[in-house]
Protein chains: 2
Amino acid sequence: MSDFPKFVEFREEGPREGFQIEKTIYPIEQRAELIDLLSEAGLKRIMVGSFVSPKYVPQMADTAELFNRIKRSPGVEYSAMWLNEKGFLNALAAKDAHINPMLLYYTSDAFCRRNNNCTMVEMAARQASWVKLYKQHGYGVETVGITTAFGCNFQGEIALSQVLDVVRELMRLCEENEIPVPTVNIADTMGWANPEAVKRMIDGLRGLLPETQIGMHFHDTRGLGIANLYAALEMGIDLFDSAIGGLGGCPFGGFGNTGAAGNIATEDSVFMCHEIGIETGLDLDKLIVAAARAEEIIGRQLMSRVLHSGGLNRFRTHL
Amino acid sequence: MSDFPKFVEFREEGPREGFQIEKTIYPIEQRAELIDLLSEAGLKRIMVGSFVSPKYVPQMADTAELFNRIKRSPGVEYSAMWLNEKGFLNALAAKDAHINPMLLYYTSDAFCRRNNNCTMVEMAARQASWVKLYKQHGYGVETVGITTAFGCNFQGEIALSQVLDVVRELMRLCEENEIPVPTVNIADTMGWANPEAVKRMIDGLRGLLPETQIGMHFHDTRGLGIANLYAALEMGIDLFDSAIGGLGGCPFGGFGNTGAAGNIATEDSVFMCHEIGIETGLDLDKLIVAAARAEEIIGRQLMSRVLHSGGLNRFRTHL
């Protein structure tokens, strides 16, 4: 009936996406401490920050310094996000940053203009120069992100066929540059996905790219995050972005800090995986410790459930 | 792949379970107003309150008076909960209360002692006298609740076989009394369920009772509520308890008002159903109005997502 993966990887977005959406700029010591707690919990891919415009995103202006402050756990990739060549070069210059060369496609022109200050078509065209830039520095492409893949508050529903058109464009680009198609990371940036749409999306992508790894980036804006995760697990997806405590969300989603939820919470997601018998390599109790610290730092109640209720193993009499 | 029902019914627990868990006793006018808003949103079964000990549950002490205050919408059943004969007689005496004769089984002795002040075996034995009591007043049995069906904080994991043993006991009772087996309402009282356990539970119940309606009562204590709902929908379940705003929870679960989540939120659940094409007969926008009022009354941010982010139809350009 379902085709669960045996092992699922969570890529932690809390330090980046979680703190980027906040109006407050939080002290670098606190963010470094949180990243260290996330390392201790066993996360192997942590997004530390962003090399983006300090004018528009002052919360991330000290990302280079943050790379100096964090402790390194063996086998952990500490990465950052960028949106242009300058950002990539800053990432290259950061201390021991894992370089995760990424492409970025939009499915909504309105969102692209707001988030990237260019049209969707311009942004797609730019991806060829990103591939060349990465090649020039000795890198291939690791991931491609496709944003607002289910719908956009500024543009309405995004049809699956639009996403598949973007993927075809990506495939042409990869062919032209003789590089393999990277991991495709589907982002439900504004919380439009539902479990059935997730399954149709995965089916559609596999029709075009049967061998390519697919990752999912869910926001819990409308409460379906964990159901979407479950639906993707049923389809065998084994790579997810999540944020400790359920931090994060989309700054251009029009909700900001008004109580709307952020990314799916790492600890809730990991809890579900463990409960249904999927391994994650993560220590749930240590994730809860990290989430509790994140809640203290942020200074308001976070939306994660397991953070407040704890896991179940302490109640299991047979353990 | 999935066997979705075409139409799903939500039984509203907010006025009862939602206000019962709060330490504050809220003014009766506010609870009456909330119930009226729930009626306007189209809910057809609303749990108004409980006829239980005013000493232990003072929040529900004015339930009879609440039945006097609420407006009646045509076709809506306004019901209450009881836990003994006295409570049932009070329900009979309440103005225009829909009598929903119920049985109640426990799967955890420890929880039964705390919640019902008797052993699990005593409680099961009592059900025969409940059936007689109902019969004496001209009623059959409409529902049977089975509590902590997936696990209990006081007792650990509850095996599916234990639940099925309870169901066999129920079947014997019904046979002895020559009454049909009522709707079986499976309660995840303390948030132990996961989507796979939900599917196994439904499979197991259908093995014993292929023709009986099964309802599900999920708490979102550990964040899996909406995934559990989705899993149950995949199995064709068409009756759920939920609470506006995500109010509620289990007062003996050991979390109380500490930020742990309550019942699955009516508006989030209805939103998901509508998004995947399942009808509910409910008006999502009016549910959000009711949830916003519930949040004002309670006086703290509720855990529902759609309450804070709204639905999607306003963004759909093709509508």
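Since the structure is predicted, the reported quantities are computational estimates derived from the model, not experimental observations.

## Here we look at the confidence of the model for chain A
Segments scoring low in pLDDT should not have their predicted coordinates read at a detailed level.
Then comes step 1: Summarising the model, chain A shows a mean pLDDT of 94, and 95% of its residues fall at 70 or more.
Then comes step 2: Overall fold confidence (pTM) sits at 0.96, and the ipTM for the predicted complex is 0.96.

## So, the sheet that holds strand β5 (residues 143–146) of chain B
Whenever strands of a sheet pair, they do so through backbone hydrogen bonds, lying parallel or antiparallel.
All names here are of chain B.
Then comes step 1: The strand order across the open sheet built from 8 strands is β3-β2-β1-β10-β9-β8-β5-β4, with neighbouring strands paired in parallel fashion. Each edge of the open sheet carries a strand with a single partner, namely β3 (77–82) and β4 (102–105). Geometrically, the sheet is characterised by an average inter-axis angle of 25° between neighbouring strands, direction not taken into account.
Then comes step 2: Pairing of strand β1 (residues 9–12) with strand β2 (residues 45–51), which is carried by 2 bridges, proceeds in the parallel orientation.

## Some points on the packing of helix α9 (residues 225–234) of chain A against helix α10 (residues 266–275) of chain A
Residues and elements named next belong to chain A.
Then comes step 1: At their nearest, the axes of α9 and α10 sit 11 Å apart, and the two run at 40° to each other. Here α9 lies oblique to α10, going by the angle between them. Crossing geometry of α9 relative to α10 is assigned as right-handed. For the pair α9 and α10, contact is made by Ile226, Leu229 and Tyr230 and by Asp268, Ser269 and Met272, respectively.
Then comes step 2: When the residues that make up the contact of α9 with α10 are grouped by side-chain class, the tally is 4 nonpolar, 1 polar and 1 charged.

## Topic: the relation of the copies chain B and chain A
Between the two chain copies there is a screw-like relation: a rotation about an axis and a shift along it.
Then comes step 1: Of the transformation superimposing chain B on chain A, the axial component is 0.0 Å and the angular component is 180°, with the fit at an RMSD of 0.0 Å. The relationship between the two copies is best expressed as a two-fold rotation axis. Rotation axis and chain B: the residue whose C-alpha lies nearest the axis is Ala227(B), separated from it by 2.0 Å.
Then comes step 2: Interface overlap between copies is the fraction of interface residues in one copy that are interface residues in the other; for chain B against chain A it reaches 100%, indicating a shared surface.

## Some thoughts on the sheet that holds strand β3 (residues 77–82) of chain A
Residue and element names in this part refer to chain A.
Then comes step 1: The strand order across the open sheet built from 8 strands is β3-β2-β1-β10-β9-β8-β5-β4, with neighbouring strands paired in parallel fashion. Every interior strand has two partners, whereas the edge strands, β3 and β4 (102–105), have only one. Going from strand to strand, the sheet's axes swing by 25° on average, the running direction of each strand aside.
Then comes step 2: The pairing of β4 with strand β5 (residues 143–146) spans 4 bridges and is classified as parallel. Its bridge partner being in β5, Leu103 is matched across the sheet by Val144.
Then comes step 3: Sheet strands touched by helix α4 (residues 85–93): β2 (45–51) and β3. Its angle to β3, the strand with the most contacts, is close to 160°.

## Structural notes on unusual backbone geometry
Residues and elements named next belong to chain A.
Then comes step 1: Of note in the backbone geometry, Thr148 takes a positive phi value of approximately 40° without being a glycine.
Then comes step 2: You can call Thr148 buried: it has 27 C-beta atoms within 10 Å.
Then comes step 3: With a phi close to 50°, Glu178 is a non-glycine residue in the positive phi region.
Then comes step 4: As for its position among the elements, Glu178 is in the loop between α7 (160–176) and β8 (183–188).
Then comes step 5: C-beta crowding within 10 Å serves as the criterion here: with 7 such atoms nearby, Glu178 is assigned to the exposed category.

Analysis parameters
Residues numbered from 1 in each chain as written. Chains lettered and ligands numbered in written order. Predicted model: local features only at pLDDT ≥ 70, side-chain atom pairs only at ≥ 80, totals over all residues. pLDDT = per-residue confidence, 0-100. Pairing = 2+ DSSP bridges. Helix = DSSP H or I, 4+ residues; strand = E, 2+ residues; numbered from the N terminus. Axes fitted to C-alpha atoms, helices over the stretch in contact; angles between N-to-C directions. Parallel < 35°, antiparallel > 145°, perpendicular 65-115°, else oblique. Left-handed = near helix turned anticlockwise from the far one by under 90°. Contact = placed C-beta atoms within 7 Å. Nonpolar A, V, L, I, M, F, W, Y, C, P; charged D, E, K, R; others polar. Least-squares fit on C-alpha atoms with pLDDT ≥ 70 in both. Buried ≥ 20, exposed ≤ 12 C-beta atoms within 10 Å, placed from the backbone.

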